[in-house]
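So you can see what is in the structure, the chains are spelled out below.
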Amino acid sequence: MMKYMGKDAGIKGGIFTFVLGSFSAGLLYASFPVAAVFLKKGVSLTNVFLFIGAWSTTKIPMMIFEITQLGIKFTLIRFVLNLIAIIVLAIIIGRTTTKEDSEAIYEMVCRQTDEK
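Each value, and the rule that gives it
Residues numbered from 1 in each chain as written. Predicted model: local features only at pLDDT ≥ 70, side-chain atom pairs only at ≥ 80, totals over all residues. Heavy atoms only, no water. Helix = DSSP H or I, 4+ residues; strand = E, 2+ residues; numbered from the N terminus. Polar contact = N/O pair within 3.5 Å; in protein donor to acceptor, adjacent residues only side chain to side chain. Buried < 20%, exposed > 50% of the residue type's maximum accessible area, 1.4 Å probe, protein only. Arc of directions from axis to C-beta. Core = buried A, V, L, I, M, F, W, Y, C linked by side-chain atoms within 4.5 Å. Contact = heavy atoms within 4.5 Å. Salt bridge = Lys/Arg side-chain N within 4 Å of Asp/Glu carboxyl O. Patch = residues over 30% accessible without salt bridge, like charges linked within 9 Å, V, L, I, M, F, W, Y side chains within 5 Å. Areas by Shrake-Rupley, 256 points an atom, 1.4 Å probe, with all protein chains shown as cover. Axes fitted to C-alpha atoms, helices over the stretch in contact; angles between N-to-C directions. Parallel < 35°, antiparallel > 145°, perpendicular 65-115°, else oblique. Left-handed = near helix turned anticlockwise from the far one by under 90°. Nonpolar A, V, L, I, M, F, W, Y, C, P; charged D, E, K, R; others polar.

1. Brief notes about the side chain of Ser24
Part 1 of the argument: Relative to the helices and strands, Ser24 is located in the loop between helix H2 (10-22) and helix H3 (31-40).
Part 2 of the argument: Among the polar contacts listed, one links the side chain of Ser24 to the backbone oxygen of Gly21, at a separation of 2.6 Å.

Listed below in structure tokens is the structure:
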């Protein structure tokens, strides 16, 4: 997992994480336990933000429904705008999160998942 989504995964890791979030099924709150497992395994914070963003806005089943009901033009515009916003926000949040805050997040997640 670290090879594909860790801190040194680069753009390939971001793409993999985004696609993984887009192919997910279920409500948004179901993404948080998955994100916690990712954090526990050492996935970068930016990739976790990409995953949650993709899960919440770019699900493939939802896009298929949108194409049939709202048209392909609307769906593609929405997808591109969401893609840009998710990437920009994930990078900004990832870079502005201090090292101490990142370590606190990783520690909190590991502690909570170990207790359950």
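Structure shown, so let's carry the discussion forward.
2. Some remarks on H3
Residues spaced three or four apart along an α-helix point in a common direction, a consequence of the helix completing one turn every 3.6 residues.
Part 1 of the argument: Taken together, the buried positions of H3 are occupied by Ser31, Ala35, Ala36, Phe38 and Leu39. Along H3, the residues classed as buried sweep out an arc of 160° about the axis, all on the same side.

3. Side note on the nonpolar core
Part 1 of the argument: Ranked by internal contacts, the top residues of the largest apolar core, which has 13 residues, are Phe38, Leu39, Val43, Val48, Phe51 and Ile52.
Part 2 of the argument: Every element with two or more residues in this core is listed here: H3, helix H4 (45-57) and helix H7 (99-115).
Part 3 of the argument: Here this core gets 5 residues from one element, more than from any other, and that element is H4.
Part 4 of the argument: Sequence-distant contacts of Val48, defined by excluding residues within four places in its chain, comprise Ala35, Phe38, Leu39 and Val43.
Part 5 of the argument: Phe18, Leu50, Ala54 and Ala90 belong to the second largest nonpolar core, which has 5 residues in total.

4. Let's talk about the pattern of salt bridges
Part 1 of the argument: For the coordinates displayed, the defined rule picks out 1 salt bridge.
Part 2 of the argument: Ionic pairing is found between Glu66 and Arg78, a salt bridge with its closest N-O pair at 2.9 Å. Here Glu66 is found in helix H5 (residues 60-70), whereas its partner Arg78 is found in helix H6 (residues 72-96), with 12 residues between them in sequence. In this pair, the class of Glu66 matches that of Arg78, namely buried.

5. Things to note about the side chain of Asn82
Part 1 of the argument: Along the chain, Asn82 turns up in helix H6.
Part 2 of the argument: Apart from residues lying up to four places away in sequence, Asn82 is in contact with Thr57 and Thr58.

6. Regarding a nonpolar patch on the surface
Part 1 of the argument: Among the surface-exposed residues, Val80, Ile84, Val88, Leu89, Ile92 and Ile93 lie close enough to one another that they form a single nonpolar patch of about 490 Å² accessible area.
Part 2 of the argument: Within the secondary structure, Leu89 is located in helix H6.

7. A closer look at the packing of H4 against H6
Part 1 of the argument: Between H4 and H6, whose axes approach to 9 Å, the crossing angle comes to 155°. If you check the angle between H4 and H6, you find them roughly antiparallel. H6 is crossed by H4, and the crossing has right-handed handedness. Contacts between H4 and H6 involve Thr46, Phe49, Leu50, Gly53, Ala54 and Thr57 from the former and Arg78, Asn82, Ile86, Ile87, Ala90, Ile91, Ile93 and Gly94 from the latter.
Part 2 of the argument: Grouping the amino acids of the contact of H4 with H6 by side-chain chemistry returns 8 nonpolar, 5 polar and 1 charged.

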